[in-house]
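# Secondary and tertiary structure notes
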Amino acid sequence: MKITNKYNLPEALVNAMLKDDYTKGASEYSVTGLLQPPKVALLREQYDDQIEIDVSDKMFTFLGTALHKVLEATVMPDNCTFEERLHTKVDGTSISGAIDVQERSAFGTTIWDYKVTSVWSVINEKSEWVEQLNMYKWLVETVKGERVVGLKICAFLRDWSKNGNGTNYPEASIVTVDIPMWTATETEAFIMERLNAHKKAKMARDFGEELPPCSNAERWMSETTFAVKREGRKTAIRVLTDIDEAKEMAIKENGYVETRLGEPRRCAGNYCQVSQWCSQYKGEANESA
Ligand code: SF4
């Protein structure tokens, strides 16, 4: 990966930001790797030496790493284990997961994961958090034989504001979020599904075939909406998700409906880092041009 420093940030800071201690251990897949879309994972592997990232774009990753470093250097209470990586095999494939904190009590173990994130992430349930923490739960239960009694995210909200309001707006800049727990059977089925998706994509690559496409969810596809508008008015009267409802309102308001197509935000913002080599995204971009 090529790292640029477009904004001339100080060298010492850049060096600190580029220090990367991440490892998936000796496993073939890590929990976070399994959660990645297979196409993204393989394209990143293929174009690693050509991917270009500016150091300023690594700010949020850096803040997360810095937080973990501070916690790592802190004396943990006796009933807590910090940053333990657990390994196991599923269907002959080794997988591992590094768990931020395991807190033991008389009732069992509570798993904590620290995240530097946005307010938006705690207002709406994030399916990736549910999937990630349930895989950790499954690892603790199967590898260590411990009973897991709770899954929690400790979220550091980088864009929290004292003046923020609205439904579910968090009360403080650091909050905890309870994550719903799955049964072991549910998690095993999920892990198998992810493993199969990654293996299928690797086979396609090895046979020189087209990689399986990213799904709408993996592409962070926003919803298509229908704006009810009227000539002479700049803003929409209302923006609806149902076309029939929008048409009905347009008739009543003597206006018209403007369709705002959903956008694959991960592709369009190149958050996957490989959009320039992705035939799926480039094909669509050419079609709409
Ligand atoms: S550009 Fe979109 S479809 Fe292509 S790999 Fe990235 S996320 Fe997936």
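Here is a short report on the structure shown in this document. (Residues numbered from 1 in each chain as written. Predicted model: local features only at pLDDT ≥ 70, side-chain atom pairs only at ≥ 80, totals over all residues. Heavy atoms only, no water.)

### Regarding the overall build of the chain
Looking only at helices and strands, the chain has ten helices and eleven strands in total. The proportion of buried residues among the 289 residues of the chain is 37%. Within the chain, counting contacts between residues at least 6 apart in sequence, those at least 24 apart form 68% of the total. Accessible surface computed for the chain: about 17,300 Å², of which carbon and sulfur atoms make up 51%. Across the chain, the mean location of the 36 positive side-chain charges is 3 Å away from that of the 44 negative side-chain charges. (Helix = DSSP H or I, 4+ residues; strand = E, 2+ residues; numbered from the N terminus. Buried < 20%, exposed > 50% of the residue type's maximum accessible area, 1.4 Å probe, protein only. Contact = heavy atoms within 4.5 Å. Areas by Shrake-Rupley, 256 points an atom, 1.4 Å probe, with all protein chains shown as cover. Lys, Arg positive; Asp, Glu negative; His and termini not counted. Charge placed at Lys NZ, Arg CZ, Asp CG, Glu CD.)

### What about the sheet that holds strand 11 (residues 256-260)?
In space, the three strands of this open sheet follow the order 10-9-11, with antiparallel pairing throughout. The open sheet has two free edges, formed respectively by strand 10 (238-240) and strand 11, since each of these has just one partner strand. Neighbouring strand axes in the sheet, compared pairwise and without regard to direction, differ in orientation by 30 degrees on average. Bridge count for strand 9 (residues 225-229) against strand 10 is three bridges, and the pairing is antiparallel. (Pairing = 2+ DSSP bridges. Axes fitted to C-alpha atoms, helices over the stretch in contact; angles between N-to-C directions.)

### Brief notes about the environment of T81
On the secondary structure map, T81 appears in strand 4 (residues 80-90). T81 sits in the partly exposed class, given a relative accessible area of 21%. Sequence separation between T81 and T187 is 106 residues; the distance between their C-alpha atoms is 23 Å. In this structure, T81 is in contact with D100, V101, Q102 and R104, ignoring residues within four places of it in sequence. Side chain to side chain, T81 and R104 meet in a polar contact 2.9 Å long. (Polar contact = N/O pair within 3.5 Å; in protein donor to acceptor, adjacent residues only side chain to side chain.)

### As for the environment of C278
On the secondary structure map, C278 appears in the loop between helix 9 (265-268) and helix 10 (279-288). Distance from C278 to L211, taken between C-alpha atoms, is 9.6 Å for residues 67 residues apart in sequence. Not counting the four nearest positions on each side in its chain, C278 is found in contact with K39 and L43.

### Quick word on the packing of helix 6 (residues 127-144) against helix 7 (residues 184-206)
Between helix 6 and helix 7, the least distance of the axes is 10 Å, while the angle of their chain directions is 115 degrees. Classified by the angle their axes make, helix 6 and helix 7 are roughly perpendicular. For helix 6 against helix 7, the interelement crossing comes out left-handed. Contact residues: E131, N134, M135 and W138 in helix 6; A184, T187, E188, F190 and I191 in helix 7. The residue inventory of the contact of helix 6 with helix 7, partitioned by class, reads five nonpolar, two polar and two charged. (Parallel < 35°, antiparallel > 145°, perpendicular 65-115°, else oblique. Left-handed = near helix turned anticlockwise from the far one by under 90°. Nonpolar A, V, L, I, M, F, W, Y, C, P; charged D, E, K, R; others polar.)

### Observations regarding the pairing of strand 5 (residues 93-105)
In this structure, strand 2 (residues 29-30) lies alongside strand 5, joined through two bridges in parallel fashion. Along strand 5, the bridge assignment pairs S30 with S96. Two elements, strand 4 and strand 5, share ten bridges in a ladder whose sense is antiparallel. The residue of strand 5 that forms the bridge with F82 is V101. Counting the residues between successive antiparallel strands, the hairpin from strand 4 to strand 5 contains two residues, one of them, D91, with a positive phi of roughly 55 degrees. Pairing of strand 5 with strand 6 (residues 108-117) involves five bridges; the strand directions are antiparallel. Bridge pairing links S105 to G108 in strand 6.

### Some remarks on the nonpolar core
Counting residues in hydrophobic clusters, the biggest one holds 31 residues, and the most contacted among them are I95, I179 and I191. Among the elements of the structure, helix 2 (31-35), strand 4, strand 5, helix 5 (119-123), helix 6, strand 7 (148-157), strand 8 (174-178) and helix 7 are those that each provide at least two residues to this core. Of all the elements, helix 6 adds the most residues to this core, at eight residues. Contacts of I179, omitting those with residues within four sequence positions, involve W129, V130, L133, N134, L151 and I153. Counting residues in each nonpolar core, the second largest holds 13 residues, with Y47, I53, V274 and C278 among its members. (Core = buried A, V, L, I, M, F, W, Y, C linked by side-chain atoms within 4.5 Å.)

### Describing a negative patch on the surface
Together, D242, D244, E245 and E248 give the surface a local cluster of negative charge. You can see E245 is positioned in helix 8 (residues 243-252). When its relative accessible area of 42% is taken as the criterion, E245 is described as partly exposed. (Patch = residues over 30% accessible without salt bridge, like charges linked within 9 Å, V, L, I, M, F, W, Y side chains within 5 Å. Salt bridge = Lys/Arg side-chain N within 4 Å of Asp/Glu carboxyl O.)

### Concerning the state of the cysteines
One pass over the full model with this rule turns up zero disulfides. C80 takes part in no disulfide bond, and the closest cysteine sulfur to it belongs to C154, at a distance of 12 Å. When its relative accessible area of 14% is taken as the criterion, C80 is described as buried. Here C154 falls in the buried class, since its relative accessible area comes to 10%. (Disulfide = S-S within 2.5 Å.)

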